[in-house]
Amino acid sequence: MQQYRYFLKDTIRKHIDFAKTDQNRGIEPPPIEKPFADDALITELPEPHALKNIPGIRLSDAIKYRKSHRAYQNKPLTLDELSFLLWATQGIRHVIDRGHAYRTVPSAGCRHALETYLCVLNIDGLETGIYRYLPLKHRLLFEFTDDRLKEKIVEAAYNQPYPGKAAVTFVWTAIPYRMEWRYDLAAHKVIAIDAGHVCQNLYLACEAIDAGTCAIAAYDQEAMDRLLKIDGIDEFTIYLAPVGKVKTDLFNAEKNKNGS
Ligand SMILES: Cc1cc2nc3c(=O)[nH]c(=O)nc-3n(C[C@H](O)[C@H](O)[C@H](O)COP(=O)(O)O)c2cc1C
């Protein structure tokens, strides 16, 4: 138990020779975004800053009414809505250089060691399948489809049914080297902390589009990595969150206020 509690502490930093990290040895930083093939199938996403079709809501309301939703309406999300959720969770605010960019969420040392995969089941204009978010140009990469996608994601979530009912499931993977390059053995705790920021933004952003989500950390590691076709060593799943349309408590509160 002590060994695992140690992971939550920052004692490890005292035992690291930071002069020997890859960053301080002058090794080039790994790319901000996982590379992809020239002939990859890319979908442009609606401009995230315009957000024309996303209603404004009070941040205090989003925080007040946020909760985990595990049942969803059988309705699609629009591409505008998906674009908004991707921007809110991993969108890029400002590119500094080849190895660094600020995003809409914080990250230790601005290392952003996460990638976002989507299991798309019901998004207007998108074929069912596994996609990957390309934050640098705010685009989507179509990875592949699978006839048994719905069943496979449910199985890989230890038979929690929500990913099979959602319009889309966000699956965040870690590429640990992005963080290890700077922090060596102190990288891993902060990657996990970073994932929390991302998912919290998803919860709050969902409130603006009458959608709900539920963080999932209980999943079959090997099955989920197999589903995404990632190696499970240099990149592996760390967190997921199904999203679908719901009547949020914020929606119900507004309805009561308006007497409708
Ligand atoms: C790190 C983390 C992991 C979670 N994993 C699961 C999960 O695997 N399955 C699930 O149904 N809920 C999961 N949840 C959701 C929690 O059960 C939920 O946040 C908690 O019951 C409080 O409810 P609330 O989010 O509505 O406030 C997780 C939440 C967090 C933050």
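Values in this document were obtained by computation on a predicted structure and should not be read as measured data.

Calculation criteria
Residues numbered from 1 in each chain as written. Predicted model: local features only at pLDDT ≥ 70, side-chain atom pairs only at ≥ 80, totals over all residues. Heavy atoms only, no water. Pairing = 2+ DSSP bridges. Helix = DSSP H or I, 4+ residues; strand = E, 2+ residues; numbered from the N terminus. Axes fitted to C-alpha atoms, helices over the stretch in contact; angles between N-to-C directions. Contact = heavy atoms within 4.5 Å. Phe/Tyr/Trp six-rings, centres within 6.5 Å; stacked < 30°, edge-to-face > 60°. Buried < 20%, exposed > 50% of the residue type's maximum accessible area, 1.4 Å probe, protein only. Parallel < 35°, antiparallel > 145°, perpendicular 65-115°, else oblique. Nonpolar A, V, L, I, M, F, W, Y, C, P; charged D, E, K, R; others polar. Near = heavy atom within 4 Å. Polar contact = N/O pair within 3.5 Å; in protein donor to acceptor, adjacent residues only side chain to side chain. Areas by Shrake-Rupley, 256 points an atom, 1.4 Å probe, with all protein chains shown as cover.

Undergrad: Can you walk me through the sheet that holds strand 6 (residues 139-144) in this structure?
TA: Strand-to-strand pairing in sheets goes through backbone hydrogen bonds, with the strands running parallel or antiparallel. Across the sheet, which stays open at both edges, the seven strands sit in the order 1-6-5-4-7-9-8 with antiparallel pairing between neighbours. Among the strands making up the open sheet, the edge pair consists of strand 1 (41-44) and strand 8 (211-213). Taking the axes of each pair of neighbouring strands and ignoring which way they run, one obtains an average angle of 30 degrees across the sheet. Of the pairings in the sheet, the one linking strand 1 to strand 6 comprises four bridges and is antiparallel in character. Looking across to strand 6, one finds that glutamate 44 is bridged to arginine 139. With respect to the sheet, helix 3 (residues 79-90) is in contact with strand 1, strand 4 (114-120), strand 5 (129-134), strand 6, strand 7 (168-174) and strand 9 (236-245), its orientation differing from that of strand 7 by roughly 25 degrees. Packed onto the sheet, helix 7 (residues 187-208) meets strand 4, strand 7, strand 8 and strand 9 and runs at close to 5 degrees relative to strand 9.

Undergrad: What exactly am I supposed to notice about the packing of aromatic side chains here?
TA: Any pair of aromatic rings gets described here by the distance separating the centres and the angle formed by the planes. Overall, the coordinates contain four aromatic pairs when judged by the stated rule. Between tyrosine 131 and phenylalanine 142, the aromatic rings sit 5.1 Å apart at their centres with planes inclined by 70 degrees, giving edge-to-face as the arrangement. With tyrosine 131 in strand 5 and phenylalanine 142 in strand 6, the pair connects residues that are 11 residues apart, well separated along the chain. Phenylalanine 142 carries the same exposure label as tyrosine 131, and that label is buried. Cluster of aromatic residues (ring-pair linked, three or more members): Phe170, Trp172 and Tyr239.

Undergrad: Explain the side chain of lysine 245 here, please?
TA: Position of lysine 245 among the secondary structure elements: in strand 9. Every residue in contact with lysine 245, bar those within four places of it in the chain, is listed here: Tyr72, Gln73, Lys75, Pro76, Leu77, Glu81, Ile209, Asp210 and Ala211.

Undergrad: What's the story with the packing of helix 4 (residues 149-156) against helix 8 (residues 221-228) in this structure? I'm lost.
TA: The relative placement of two packed helices comes down to the angle between their axes together with the axis-to-axis distance. Put simply, helix 4 and helix 8 touch, their axes get as near as 8 Å, and they point 150 degrees apart. The angle between helix 4 and helix 8 falls in the class roughly antiparallel. Facing helix 4, whose interface residues are Leu149, Lys152, Ile153 and Ala156, helix 8 presents Ala223, Met224 and Leu227. Partitioning the contact of helix 4 with helix 8 into residue classes produces six nonpolar, no polar and one charged.

Undergrad: Could you clarify how one ought to interpret the site of the ligand in this entry?
TA: Taken together, Arg66, Lys67, Ser68, Arg70, Gln160, Tyr162, Cys214, Ala215, Ile216, Ala217, Ala218 and Tyr239 make up the full set of residues adjacent to the ligand. In this structure, arginine 66 approaches the ligand through a side-chain N or O atom, which is 2.8 Å from an oxygen atom. Between alanine 218 and the ligand, the recorded distance is 3.2 Å, taken from a backbone N or O atom to an oxygen atom. Compared with its free state, where it exposes 620 Å², the ligand has 53% of that area covered by protein.

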